[in-house]
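# Working through the structure, step by step
If you want the building blocks of each chain, they are given just below.
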Amino acid sequence: QVQLVESGGGVVQDGGSLSLSCAASGRTFSTYAMGWFRQAPGKEREFVAAISRSGASTNYANSAKGRFTISRDNAKNTVYLQMNSLKPEDTAVYYCAAAYRFSIPVVVATNYDYWGQGTQVTVSS
C-alpha cells in the first residue's frame, strides 16, 4: 500500500510557473514508476508526465513537452512536476500516481495502482 499526497498547487498568471510535489509513504518508493495526470472540469483525466523507478527515463504529453519537467528524489520519497510557461488551458486538478508493476515511465492511467487526492492548479489570463 502506498499513500500519495500532492502539494504546491495554486493560482498563477498566464506565463507563470508552479512546482508540484508528491510525497509517498508506505512501500519502498523506488519500486514504483510515477506519473502526473490532470483533469479539467468536464474533461477526461489526461496524462501529463511519467518517470521510471530510477528517474533515468521520462515521458511527456505533447502539451507538456518543453514546459514541464518531472523528477524524483528516491531518498525523499518524492516526485516533482516543475511547470513553466503556464497557460490557462493548463488549469486542472493535478494528480500523482504510482505504478508498482512497471519500471519504465507509464502513460496509461489504468496501469497505475495508487493515486493521490489531487491539487488544484489555476492559470489566470
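Structure's up top.
The paragraphs below set out a description of the structure included in this document. (Residues numbered from 1 in each chain as written. Predicted model: local features only at pLDDT ≥ 70, side-chain atom pairs only at ≥ 80, totals over all residues. Heavy atoms only, no water.)

## Notes on the nonpolar core
Within the largest apolar cluster, 30 residues are counted, with the highest numbers of intra-cluster contacts made by Leu4, Met34, Trp36, Leu81, Met83 and Tyr94. Counting residues per element, the ones that place at least two in this core are strand 1 (2–7), strand 3 (18–26), strand 4 (33–39), strand 5 (46–51), strand 7 (68–73), strand 8 (78–83), strand 9 (92–99) and strand 11 (119–124). Apart from residues lying up to four places away in sequence, leucine 81 is in contact with Leu18, Ser19, Leu20, Trp36, Val48, Ala49, Phe68, Thr69, Ile70 and Tyr94. Ala33, Phe47, Ala99 and Tyr112 belong to the second largest nonpolar core, which has 9 residues in total. (Core = buried A, V, L, I, M, F, W, Y, C linked by side-chain atoms within 4.5 Å. Buried < 20%, exposed > 50% of the residue type's maximum accessible area, 1.4 Å probe, protein only. Helix = DSSP H or I, 4+ residues; strand = E, 2+ residues; numbered from the N terminus. Contact = heavy atoms within 4.5 Å.)

## Section: the packing of aromatic side chains
In total, this model carries 6 aromatic pairs according to the counting rule given. Measuring from ring centre to ring centre gives 5.4 Å for tyrosine 32 and tyrosine 100, while their planes differ by 50 degrees; the resulting arrangement is tilted. Taken together, the positions of tyrosine 32 in the loop between strand 3 and strand 4 and tyrosine 100 in the loop between strand 9 and strand 10 (114–115) put the pair 68 residues apart, joining distant regions of the chain. Since its relative accessible area comes to 1%, tyrosine 32 is described here as buried. (Phe/Tyr/Trp six-rings, centres within 6.5 Å; stacked < 30°, edge-to-face > 60°.)

## What to know about the sheet that holds strand 8
Taken together, the 4 strands give an open sheet; going across it, the order is 1-3-8-7, and neighbouring strands pair in antiparallel fashion. Whereas interior strands pair on both sides, the edge strands pair on one side only; in this sheet they are strand 1 and strand 7. Strand-to-strand, the axes of this sheet are offset by a mean angle of 15 degrees, without reference to chain direction. (Pairing = 2+ DSSP bridges. Axes fitted to C-alpha atoms, helices over the stretch in contact; angles between N-to-C directions.)

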